[in-house]
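# Remarks on the overall topology
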Amino acid sequence: MTVLAVSNLAKRYRRGGKPFAAVDDVSFEIGPAETLALAGPSGSGKSTIARLVLRLTEPDAGRIDFESTDFLALSGAALRARRARLQMVFQDPLAAFNPRATVARVLDDPLRIHNIAPRAERRHRIAALLERVGLDAGLAARAIHEISGGQRQRVAIARAIATRPSLIVLDEAVSALDVSVRGQILELLLDLQRQERIAYLFISHDLGVIRAVAHRVVILDAGRVAESGDARAVIANPQSAIGKALVEATPRLTRNRP
Amino acid sequence: MSRLRRFFRTPEAIAGALILALLAAMALAAPLLFPGDPQAIAGPALLPPFQDWSLPLGTDRLGRDVLAELFHGARTSLAVGLAAAAAALLIGSVVGTLAGFAGGLIDEVLMRITDAFQTVPSFLLALAFVSIVGPSLGVVVAAIALGAWTGPARVARAEVLSIRERDYVAGARVIGMHPLEIAFREVLPNALPPVLALSSVIVAAAILTEAALSFLGLGDPNRVTWGGMIAEGRTVLRTAPFLSIVPGVALVLTVLGVYLVGEGVVESTAVRRSLS
């Protein structure tokens, strides 16, 4: 059983008048409570795949099956309702929120839109969500721009889990955070995965982080799958040229290599 | 608090705010200081200013108190200017947001309509509209707004085009928010600052357009307006020039005050933007 199955996905853009393939014939699957990492250099199509999977951009070809239904066939209200099960956390926790929003409003929106809790009950739900991601419930009244980057990313995670999704796309979700905060956020993500059985599509260029959290990895190069497999095995012994280059570029990993 | 202080740092902003405060005080005090009908006869006709201290600014051709007319005219000018500008900003930002956010065919249609309105001179449009529908305060407001909403629409659309690519708009889609809610709750409030920066120009233009319409006899006949006063005074311009000069000066000061305040607001927000 799979949560998400992507097959033969393709997306072409025009750059300087010439068409180029941002994503070219990419296929992968993610099981329940599994973390699949997408790795690759800038411009390898990682973020485009995230946008395609979330239906923020429409693919040119391919198929996306989410929870065993054709996700690309959905539109309008049916698509919006389905989005409750498929959430995302963005790289820049400041850009991901309306600059005028408060923490409470950010968390209230998904609860209201998907009718998860009646108005009177939502305040308690918001407090519970904040506590679930390790934040003080009193933070609800604060404006988004008043809290720290690490707190913001926790709020983003709280928003993502508010609708009880089966899959969360994490697009470079820890890349903008400093090292100590990054560790805590990764810890929180692993804990949520264990408790709620959420699958992650974990997009990162950092093989160190990927080795720490991902079960499997897909390495992309110029929109194509270069290699894929068990995360530790691939990182310990990359077969593709781009995989070797990525491992070389991560000093800590080179030193540890046998 | 610090925003207010920054606003009042420039002498232009202080002067503008003083003029507008005076104007607002005049408009609010008009029914208290001059409780009767300002269009009623109050004394001998064509009394020059500063002769009779019960009628400090004299009387017009029909013996009406010029000072009372001036105060009541401030009400009309302010009401029409603010209402027309508010209507223009509202229509403009809604049209601009829909066009920019929806894109495609909706964008094309809305922007061609905007083009069509923009190619017709706004004063002729107002003139034609009032001539057809008939002069009343609401019609004058609608006529002025009709010619003034295109500027805000274009600015709003340009701003929305840049905002709709931001992560938080994608985030709103991801949580399943309805596109109309995204457009008007997430995008529009953040696109407003540059649109609101246009408001001083629009208010000033609306006050002038209202005066021009009244001057041509297309204002609300039941209300005193500065434009109407200037038109009244025109027939006796040689013998009693003060009848045109007094409302004319009031008009110039008002428009100047609105401009200066607008300038001050833009200045103070510009500083804030460059600092942040």
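In this convention, every chain numbers its residues from 1, walking through the sequence in written order. Both sets of labels track the order of writing: A upward for chains, 1 upward for ligands. Totals for whole chains, interfaces and linings use every residue, but because this is a predicted model, local features are given only for residues with pLDDT of at least 70 and side-chain atom pairs only at 80 or more, for both listing and counting.

### Details of the overall build of chain A
To qualify as a helix, a DSSP run of H or I must reach at least 4 residues; to qualify as a strand, a run of E must reach at least 2; elements of each kind are numbered from the N terminus. From N to C terminus, chain A includes 10 helices and 10 strands. Radius of gyration here is computed from C-alpha atoms only, and the compact-globule reference equals 2.2 Å multiplied by the residue count raised to the power 0.38. Computed over the C-alpha atoms, the radius of gyration of chain A is 19 Å, within 12% of the 18 Å expected from 2.2 N^0.38 for a compact globule of 258 residues. Projected onto the principal axes, the alpha-carbon positions of chain A cover approximately 55 × 45 × 40 Å. Neighbour density around each residue's C-beta defines its exposure: 20 or more other C-beta atoms within 10 Å make it buried, 12 or fewer make it exposed, and counts between make it partly exposed, where C-beta atoms are placed from the backbone. Taken across its 258 residues, chain A has 40% of its residues classed as buried. A pair of residues counts as a contact when their C-beta atoms, built from backbone coordinates, are within 7 Å of each other. In chain A, the share of contacts with a sequence separation of at least 24, taken over all contacts with a separation of at least 6, comes to 66%.

### Considering the sheet that holds strand S5 (residues 69–70) of chain A
Residues and elements named next belong to chain A. A strand pair is defined by DSSP finding two or more bridges across the two strands. Taken in spatial order, the four strands make up an open sheet running S2-S1-S4-S5, and their pairing is antiparallel. In the strand order of this sheet, the two ends are held by strand S2 (18–30) and S5, each with one partner. Summarising the sheet, strand S1 (residues 4–15) and S2 pair through nine bridges and their orientation is antiparallel. Looking at S2, one finds that Ala5 is bridged to Glu29. To get an axis, a line is fitted to the C-alpha atoms, and for a helix only the part in contact is used. The angle between two axes follows their N-to-C directions and goes from 0 to 180 degrees. Together, S1, S2 and strand S4 (61–66) form the strand contacts of helix H1 (residues 46–53), whose direction differs from that of S1 by roughly 120 degrees.

### Considering the sheet that holds strand S10 (residues 224–230) of chain A
Residues and elements named next belong to chain A. The strand order across the open sheet formed by six strands is S6-S7-S8-S3-S9-S10, and the pairing between neighbours is mixed. Of all strands in the sheet, those with a lone pairing partner are strand S6 (86–89) and S10, marking the two edges. Ignoring which end each strand starts from, the neighbouring axes of this sheet average 20 degrees apart. Where strand S3 (residues 35–39) lies against strand S8 (residues 199–203), four bridges are found, and the strand directions are parallel. Residue pairing for S8: Ala37 is matched across the bridge by Phe202. On top of the sheet, H1 reaches S3, strand S7 (167–171), S8 and strand S9 (216–221); it is set at about 145 degrees to S8, its chief contact.

### Some points on the interface of chain B and chain A
Listed per partner, the contact involves 14 residues of chain B and 21 residues of chain A. Contributions of two or more residues to the side of chain B that touches chain A are made by helix H8 (167–174) and helix H9 (179–196) of chain B. With six residues, the top contributor of residues to the side of chain B that touches chain A is H8(B). Under the scheme applied, nonpolar residues are Ala, Val, Leu, Ile, Met, Phe, Trp, Tyr, Cys and Pro; charged residues are Asp, Glu, Lys and Arg; polar residues are all the others, including Gly. Split by residue class, the side of chain B that touches chain A holds six nonpolar, four polar and four charged.

### Digging into the packing of helix H3 (residues 66–102) of chain B against helix H7 (residues 150–163) of chain B
All names here are of chain B. Between H3 and H7, the least distance of the axes is 7 Å, while the angle of their chain directions is 35 degrees. Classified by chirality, the crossing of H7 by H3 is right-handed. Residues Ala88, Leu89, Gly92, Ser93, Val95, Gly96, Thr97, Ala99, Gly100 and Phe101 of H3 touch H7, and the partners they reach there are Thr150, Gly151, Pro152, Ala153, Arg154, Val155, Ala156, Arg157, Val160 and Leu161. When the residues that make up the contact of H3 with H7 are grouped by side-chain class, the tally is 11 nonpolar, seven polar and two charged. The handedness criterion is simple: a crossing whose near helix is rotated anticlockwise from the far helix by less than a right angle is left-handed, and one whose near helix is rotated clockwise is right-handed.

### Description of H7(B)
All names here are of chain B. Given a helix with a known number of residues, its expected span is that number minus one, times 1.5 Å. Between its first and last C-alpha, H7 extends 20 Å over 14 residues, near the 20 Å set by a 1.5 Å rise per residue. In terms of residue burial, H7 counts as a mostly covered element, since 11 of its 14 residues are buried. Those residues of H7 that fall on the buried side of the exposure criterion are Thr150, Gly151, Pro152, Ala153, Arg154, Val155, Ala156, Arg157, Glu159, Val160 and Ile163. Looking at the buried side of H7, the elements it contacts are H3, helix H4 (104–119), helix H6 (137–148), H8 and H9.

### A few points about the nonpolar core
In this description, a nonpolar core means buried residues of the types Ala, Val, Leu, Ile, Met, Phe, Trp, Tyr and Cys, linked to one another by C-beta atoms lying within 7 Å. By size, the foremost hydrophobic cluster in this structure holds 144 residues, and its most contacted members are Val53(A), Leu201(A), Ala84(B) and Ala206(B). Broken down by element, the residue count for this core peaks at 16 residues, all from H3(B). Ignoring sequence-local partners within four residues, the contact set of Val53(A) consists of Leu4(A), Val6(A), Ile64(A), Val169(A) and Leu201(A).

### So, unusual backbone geometry
All names here are of chain A. We note that Arg55 has phi near 60 degrees; this positive angle belongs to a residue other than glycine. Within the secondary structure, Arg55 sits in the loop between H1 and S4. One non-glycine residue, Glu67, lies in positive phi territory at about 50 degrees. With respect to the helices, strands and loops of the structure, Glu67 is situated in the loop between S4 and S5.

### Focus on the packing of H3(B) against H9(B)
Residue and element names in this part refer to chain B. Direction vectors running N to C along H3 and H9 enclose 120 degrees, while the axes themselves pass 10 Å from each other. Compared by their axis directions, H3 and H9 come out oblique. Here H3 runs over H9; the crossing is right-handed. Contacts from Leu89, Gly92, Ser93, Thr97, Leu98 and Phe101 in H3 reach Ala183, Phe184, Val187, Leu188, Ala191, Leu192 and Val195 in H9. For the contact of H3 with H9, a count of residues per class yields 10 nonpolar, three polar and no charged. For this classification, under 35 degrees means roughly parallel, over 145 means roughly antiparallel, 65 to 115 means roughly perpendicular, and everything else is oblique.

### Thoughts on H8(B)
Here H8(B) lies mainly inside the structure; seven of its eight residues are buried. Just past H8(B), the residue Gly176(B) takes up positive phi, approximately 90 degrees.

### Topic: the environment of Met229(B)
Residues and elements named next belong to chain B. When you line up the elements, Met229 lands in helix H11 (residues 226–234). Sequence separation of Met229 and Asn190 is 39 residues, and the distance between their C-alpha atoms is 42 Å. Discounting residues that sit within four places of it in the chain, Met229 has contacts with Glu69, Gly73, Val224 and Pro247.

### A look at the pairing of S1(A)
Residue and element names in this part refer to chain A. From the end of S1 to the start of S2, which pair antiparallel, there are two residues, and Gly16 there has a positive phi angle of about 60 degrees. Across five bridges, S1 lies against S4 in antiparallel orientation. Within the sheet, the bridge partner assigned to Ala5 lies in S4 and is Asp65.

From the geometry alone we can't say anything about function, so treat these as descriptive.
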